[in-house]
Amino acid sequence: MALNRQRIADATRELADRAIVAARALTNGGAGIDGHQVVVDRVAYAATEARAITELAAAPAVLAEIAGVAAAELAAAIPYRLAPIAALLELGDLRYPDAVAAEIAAGLAPAAVEAIGATAIAAGTPAWPLDEMLAEVRANVRAFAEREVAPHAERIHHHDELVPERVISEMSKLGYFGLSIPESYGGTELGNLAMILTTEELSRASLAGGGSLITRPEILAKALLAGGTEEQKQTWLPRLASGEIMAAISVTEPNVGSDVASLTCKAERVDGGWAITGAKAWCTFAGRADVIALLARTGGGGARGLTLFIVDKPRFLGHDFDAAQPGGGTLTGKADRTPGYRGMHSFTLAFENWRVPDAQLVGGEAGIGRGFALQMAGFAAGRLQTGGRACGLAQAAVDHTARYVGERTQFGRPIGDYGLTRYHLGRMVSRLTAARGITYAGARAFDDHAADAVTLAAMSKLFACDVAVEVTQLGQLLHGGWGYAEEYPISRYVADAQVLPIFEGVKPILALKVIGRGLLARAAPM
Ligand SMILES: Cc1cc2nc3c(=O)[nH]c(=O)nc-3n(C[C@H](O)[C@H](O)[C@H](O)COP(=O)(O)OP(=O)(O)OC[C@H]3O[C@@H](n4cnc5c(N)ncnc54)[C@H](O)[C@@H]3O)c2cc1C
């Protein structure tokens, strides 16, 4: 039965908009977010869910059943999300009109959800329809990822190895690093949706053994496009697009994470350039990277004292390294061990008088003090890309679980024959479809330079990463004890998914300071 998704979308939007308007008044247009954190967190999440439903309403007809079920589940959750703050915001009655409630009830019916699970077991999950060019991108990357990335995924994870060089060189040849970089700067300019599809397929094979390679070039490229000088764009973008150089991103420090404006690593003027001194933490891929996009303090306190640099360094393939410059500068790095996301290696770094030429201050002299804004422009793109990573990982969990429950027999029947298994699997598929809908919308918003692109990218990241955590854990549950065995990839997916809500703005900060602020400072509801 096809639900009236638009009717559900309109009703949830109305509810979310009411909450946004009231929260805007309560927080004085977002200025007082910290005085009302729980309110803002809940409003941001409800608005994100309502936006996901809007995208589900627009999903192609072939996905109608799944999108209806996904929309119904999200719609049912929104009043519960808002209930604790309803009185504070004077939201009044949170119930939907009867006709909408009936649509939602139909979508929540076990039979509707089970049917999706049954189809996934019998025939896999339907692909999201795309135009010819994008469908070709997806098919080509899928074949590449299955051939070049998937065979290494388990070994990389179990032995904490680095991404194989061949994966990087083959991705370079195929132009995967330049998908959203303009042609005039050496990219293929296929757009952000092509970049997301590529990311998804690579992440489906391995989050850290392929799917996360595009993140860093994306962040640096978008920061350069936002504020690099023309000469810097011409120097760095073609090299990023071709994969000639790999980048790492260094913002976080041992004692500074979410509060980026209080960074302490400093850059001081020296003859011909700058000297970097200080500690950094969690710098992913810093060993293999040729350059580090580094945010450092060049001036007084706060965000206005921060400047972005492109810092050269030699390549190292191990878990720790020491580098020295002829002028006496030193850089040491040590990878921190993690339960998942292996293959990229995230480093604690110590810089001591490490030299960077003037030409590598992003934006030139005019870029001094603009680093925070440029970094945030880069992160906006990184978050969108992470929405794609989350969808790819969740898809891998769905694929493996659908296969497993079709084969595993208990009580004389395949466990996929049981209604509850089908129900759980159906939810996995529908949640993933919702994550994909909002992530693709984010990509299109970036391509169209839409006013809400940054907020939408943050919403995709928030939502899709939660979905990846939930879907991988459900998949593990359906594998029973074998889901906990390293022998089965689902245990890797669970370990990998845990990191997604943490980086590029840990989930509570993303909801409060990016989505909340974006929504509450807006003149009209999103
Ligand atoms: C595997 C991995 C890879 C990473 N890669 C990179 C990278 O390549 N480059 C890079 O720069 N960073 C990277 N990071 C760092 C990551 O971006 C940070 O961990 C993240 O931004 C959160 O910072 P934090 O860990 O210091 O947490 P904190 O900022 O200490 O936050 C911890 C918790 O405190 C609470 N909290 C903090 N502030 C507030 C507030 N104002 N209001 C309410 N609650 C609050 C929240 O609950 C939050 O979840 C990586 C991290 C990991 C784990």
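Structure first, text after, so check above.
By convention here, each chain's residues receive numbers from 1 onward along its written sequence. Where totals are concerned, whole chains, interfaces and linings use all residues; where local detail is concerned, this predicted model gives features only for residues with pLDDT of at least 70, and gives and counts side-chain atom pairs only at 80 or more. Computation of side-chain values covers all heavy atoms of the structure but excludes hydrogens and water.

Participant: Hey, could you run me through the site of the ligand in this one?
Facilitator: Proximity criterion: a residue is near a molecule or strand once any of its heavy atoms comes within 4 Å of it. Neighbouring the ligand are 21 residues, the closest being Ile249, Thr252, Ser258, Trp282 and Thr284. Any N or O atom pair separated by 3.5 Å or less is treated as a polar contact, with the protein-specific requirement of one donor-capable and one acceptor-capable atom, and with residues adjacent in sequence counted only for side-chain atom pairs. A distance of 2.8 Å separates an oxygen atom of the ligand from a polar backbone atom of Val251. The accessible surface values rely on the Shrake-Rupley method and a 1.4 Å probe; as for residues, cover is taken only from the protein chains in view. In isolation the ligand has 980 Å² of accessible area, and contact with the protein removes 67% of it. In this text, helices come from DSSP runs of H or I with a minimum length of four residues, and strands from runs of E with a minimum of two, each type numbered from the N-terminal end. Put simply, the parts of the chain that give the shell around the ligand at least two residues each are strand 1 (247-250), strand 3 (273-284) and helix 16 (507-520).

Participant: Sorry, what's going on with the nonpolar core here?
Facilitator: Most often, soluble globular proteins have nonpolar side chains that are buried together. Residues grouped as a nonpolar core are buried Ala, Val, Leu, Ile, Met, Phe, Trp, Tyr and Cys residues, joined through side-chain atoms within 4.5 Å. Three exposure classes are used, based on accessible area relative to the maximum for each residue type with a 1.4 Å probe and protein chains only: buried under 20%, partly exposed in between, and exposed over 50%. In terms of nonpolar packing, the biggest core is built from 130 residues, with Leu82, Met171, Leu202, Leu213 and Phe463 touching the most fellow members. For this core, the element with the most residues is helix 14 (residues 453-478), which contributes 15 residues. Contacts are assigned to residue pairs that have any heavy atoms within 4.5 Å of one another. Contacts of Leu202, omitting those with residues within four sequence positions, involve Val141, Phe144, Ala145, Val149, Met171, Tyr176, Gly210, Gly211 and Ile214.

Participant: I'm lost on helix 13 (residues 419-447) in this one. Help?
Facilitator: Helical geometry note: an α-helix holds 3.6 residues per turn, so side chains three or four residues apart project in the same direction. For a helix, the expected span equals 1.5 Å multiplied by the residue count minus one. Helix length check: helix 13 (29 residues) gives 42 Å between terminal C-alpha atoms against 42 Å at 1.5 Å per residue, within 8%. The buried fraction of helix 13 amounts to 22 of the 29 residues, a majority that puts the element mostly inside the structure. Two residues or fewer after helix 13 comes His449, characterised by a positive phi angle close to 50 degrees.

Participant: Explanation requested: the pairing of strand 8 (residues 346-357) in the structure shown.
Facilitator: Successive residues of a regular strand alternate their side chains across the two faces of the sheet. Only strands that DSSP links by at least two bridges are regarded as paired with each other. As defined by bridge partners, strand 3 adjoins strand 8 across 9 bridges and the pair is classed as antiparallel. Counterpart to Ala275 in the pairing with strand 8 is Arg355. Where strand 7 (residues 330-335) lies against strand 8, 6 bridges are found, and the strand directions are antiparallel. Opposite Leu331, over in strand 8, you have Phe351 as the bridge partner.

Participant: How do you make sense of the packing of helix 1 (residues 5-26) against helix 2 (residues 37-57) when you look at a structure like this?
Facilitator: Between two packed helices, what matters for the description is the angle formed by their axes and the separation of those axes. At a minimum axis separation of 9 Å, helix 1 and helix 2 run at an interaxial angle of 155 degrees. Relative to helix 2, the element helix 1 is oriented roughly antiparallel. In terms of crossing hand, the pair formed by helix 1 and helix 2 is left-handed. Every residue of helix 2 that contacts helix 1 at Arg5, Gln6, Ile8, Ala9, Thr12, Arg13, Ala16, Ala19, Ile20, Ala23 and Leu26 is listed here: Val39, Val43, Ala46, Ala47, Ala50, Ile53, Thr54, Leu56 and Ala57. Of the residues in the contact of helix 1 with helix 2, the class split is 15 nonpolar, 3 polar and 2 charged. Axis definition: a line fitted to C-alpha atoms, over the contacting stretch in the case of helices. Angles run 0 to 180 degrees between N-to-C directions. An angle below 35 degrees is read as roughly parallel, one above 145 as roughly antiparallel, one from 65 to 115 as roughly perpendicular, and any other as oblique. By convention, the crossing between two helices is left-handed when the near helix turns anticlockwise from the far helix through less than a right angle, and right-handed when the turn is clockwise. Under the scheme applied, nonpolar residues are Ala, Val, Leu, Ile, Met, Phe, Trp, Tyr, Cys and Pro; charged residues are Asp, Glu, Lys and Arg; polar residues are all the others, including Gly.

Participant: What is the right way to read the packing of aromatic side chains from this model?
Facilitator: How two aromatic rings sit relative to each other is given by the distance of their centres and the angle of their planes. Classification of ring pairs rests on two measures: the distance between centres of Phe, Tyr or Trp rings, Trp counted by its six-membered ring, which must be within 6.5 Å, and the angle between planes, read as stacked under 30 degrees, edge-to-face over 60 and tilted in between. Per the counting criterion, the structure on display carries 8 aromatic pairs. Relative to Tyr440, the ring of Trp128 lies with its centre 5.4 Å away and its plane at 75 degrees, an arrangement referred to as edge-to-face. With Trp128 in the loop between helix 5 (110-123) and helix 6 (132-159) and Tyr440 in helix 13, the pair connects residues that are 312 residues apart, well separated along the chain. We note that Trp128, like Tyr440, is buried. Joined through ring pairs, the aromatic side chains of Phe316, Phe321 and Phe347 make up one cluster. The criterion is that NZ of a Lys, or CZ of an Arg, lies within 6 Å of the ring centre and within 35 degrees of the ring normal, and then a charge sits over that ring. The ring of Phe321 carries Lys313 above its face, with NZ or CZ at 5.1 Å from the centroid.

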